[in-house]
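Below are the chains, spelled out letter by letter.
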Amino acid sequence: MPKAYVFTRYGGPETEALVEQDRPSPGPGQVLVAVRAAGVNPVDWKQRTGYARPGAGARELPAVLGNEVAGVVEELGPDVTGFTVGDEVFGNPVAGGYAEYALLPTGVTAHKPAELSFTDAAALPVAAATAYDGIHQLALPSGATVLITGAGGGVGVAATQIARALGLTVIGVASEGKKDFVEELGAVHVPSGPDLAERVRAAAPDGVDAVFDLVGGEVLEAAATLLDDPAKLITGADRETVARLGGGPVERARTAAVLDEVARLVVDGELRPFVTRTFPLDRAAEALRTVEDGHVRGKIVIEVAR
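This section reports on the structure supplied with the text. (Residues numbered from 1 in each chain as written. Predicted model: local features only at pLDDT ≥ 70, side-chain atom pairs only at ≥ 80, totals over all residues. Heavy atoms only, no water.)

Taken residue by residue, helix α10 (residues 284–292) has A284, A287, L288, T290 and V291 as its buried positions. The buried residues of α10 occupy an angular sector of 155° when the element is viewed end-on, so they sit on one face. Next to the buried residues of α10 lie β1 (3–7), β2 (16–20), β3 (30–40), α1 (42–48), β15 (275–280) and β16 (299–303). Note on α10: the residue one or two positions beyond its end, G294, has a positive phi of about 85°. (Buried < 20%, exposed > 50% of the residue type's maximum accessible area, 1.4 Å probe, protein only. Helix = DSSP H or I, 4+ residues; strand = E, 2+ residues; numbered from the N terminus. Arc of directions from axis to C-beta. Contact = heavy atoms within 4.5 Å.)

When the terminal C-alpha atoms of helix α3 (residues 124–138) are compared, their 20 Å separation across 15 residues agrees well with the 21 Å that a helix rising 1.5 Å per residue should span. The positive-phi residue at the C-terminal boundary of α3 is A139, with phi of around 50°. (Expected span 1.5 Å × (residues − 1).)

Turning to unusual backbone geometry, a few remarks are in order. In this model, L61 is joined to P62 through a cis peptide bond whose omega is 0°. Checked against the element boundaries, P62 lands in the loop between α1 and β4 (63–64). Even without glycine at this site, R254 takes up a positive phi of about 50°. With respect to the helices and strands, R254 occurs in the loop between β14 (248–249) and α9 (256–267).

Our focus in this paragraph is the sheet that holds β2. The strand order β2-β1-β4 describes an open sheet built from three strands, whose pairing is antiparallel. Edge strands, defined here as strands with exactly one partner in the open sheet, are β2 and β4. When β1 meets β2, the two strands line up antiparallel, connected through five bridges. If you follow K3 over to β2, its bridge partner there is E20. (Pairing = 2+ DSSP bridges.)

Taken as a whole and judged by the stated rule, the model has two aromatic pairs. Ring centres of F7 and Y10 lie 5.7 Å apart, and the angle between their planes is 45°; on these two criteria the pair is classed as tilted. Since its relative accessible area comes to 40%, Y10 is described here as partly exposed. A cation sits over an aromatic face here: R23 above Y101, 5.3 Å from the ring centre. Above the ring of F118, the side-chain terminus of K112 is found at 4.7 Å from the ring centroid. (Phe/Tyr/Trp six-rings, centres within 6.5 Å; stacked < 30°, edge-to-face > 60°. Lys NZ or Arg CZ within 6 Å of the ring centre and 35° of its normal.)

For the structure shown, the criterion picks out 16 salt bridges. One salt bridge connects E16 with R289, and the closest N-O pair in it is separated by 2.6 Å. Of this pair, E16 sits in strand β2 while R289 is found in helix α10, placing the two residues 273 residues apart along the sequence. The exposure class of E16 is buried, given its relative accessible area of 10%. The class of R289 is partly exposed, set by a relative accessible area of 22%. (Salt bridge = Lys/Arg side-chain N within 4 Å of Asp/Glu carboxyl O.)

All right, on to the nonpolar core then. Residues F90, L124, V146, F212 and L271 are the most contacted members of the largest nonpolar core, which totals 45 residues. For this core, the secondary structure elements donating two or more residues are β5 (69–76), α2 (118–121), α3, β9 (145–149), α4 (154–165), β10 (169–174), β12 (210–213) and α9. Per-element accounting of this core gives the leading share, eight residues, to α3. Those residues within four positions of V146 in sequence are excluded, and the remaining contacts are L138, L140, A163, L168, T169, V170, I171, A210 and F212. (Core = buried A, V, L, I, M, F, W, Y, C linked by side-chain atoms within 4.5 Å.)

Right, let's talk about the pairing of β15 for a bit. One face of the sheet, then the other: side chains in a regular strand alternate in exactly this way. Where β15 meets β16, five bridges bridge the pair, whose relative direction is parallel. Pairing of T278 across the sheet is with V301, part of β16. Handedness of the crossover joining β15 and β16 through α10: right-handed. (Right-handed = clockwise from strand over helix to strand, strands pointing away.)

Tracing the chain through its elements places V200 in helix α6 (residues 196–203). By relative accessible area, which is 1% here, V200 ends up buried. In this structure, the C-alpha to C-alpha distance between V200 and V190, residues 10 residues apart in sequence, is 6.5 Å. In this structure, V200 is in contact with L147, I171, V190, V208 and L226, ignoring residues within four places of it in sequence.

On their own, these measurements won't tell you what the molecule is for.
Printed below as a string of structure tokens:
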């Protein structure tokens, strides 16, 4: 039977297990994909603790972990058009992606370009798509300056590159250990920690035009003091605090069109997925712990052997 990495109840890592499950069957508007790679993101472990996106219903347990995959279409559900068996695709699964098989809704599934590896494609549907949505939501003109907190993480790495491709100046907040990495992306590095606002003002004496926060909490509050217009304050990490400060969350499009666009950016050389480590499915626990520890550079991906 196919294997999947699940959590059996809400809680910590002790709730996780590698199990065998029946191969899922696609419903209307869905494709069954033989998974080749699955991206690992902070939202994965947060969902295990009980977090749910606004408007999302309760999950049936045990639940497969993971929110982005790349693989090969093996079966089409009723009324599916635009896909055929054997297509190489990537997207957001219906109910988890750390598995040998996953169901993907066609609305958030894109064809994988031949130039793009399964591993790199699996790193795009959450982090890169969130970054793309956020940067375009800010709608800054070329030459403007954007402050990105958490610039060394999966979303931050993609956001920095997308912003630079649009001609923006990026001030990237990350730990001192990620300084070289952030500068390699084309950003001006500012170390995280106390007195953040003062360090940003020193690095950007003409001020910043927008803030794309990926940390939340005190970091978000400090960054907000740098803006005259709270409408240019967005976060992918802390909805409650940003609402209190007058800003808003990243508005996710969650469409195949955005996936097509981020894939094009990779193929054109404007965006590197920066997959820094890979793990096999039977080491999914280690992959998730690496992300949960909070010190990852770039992206972690689980590769599924066939």
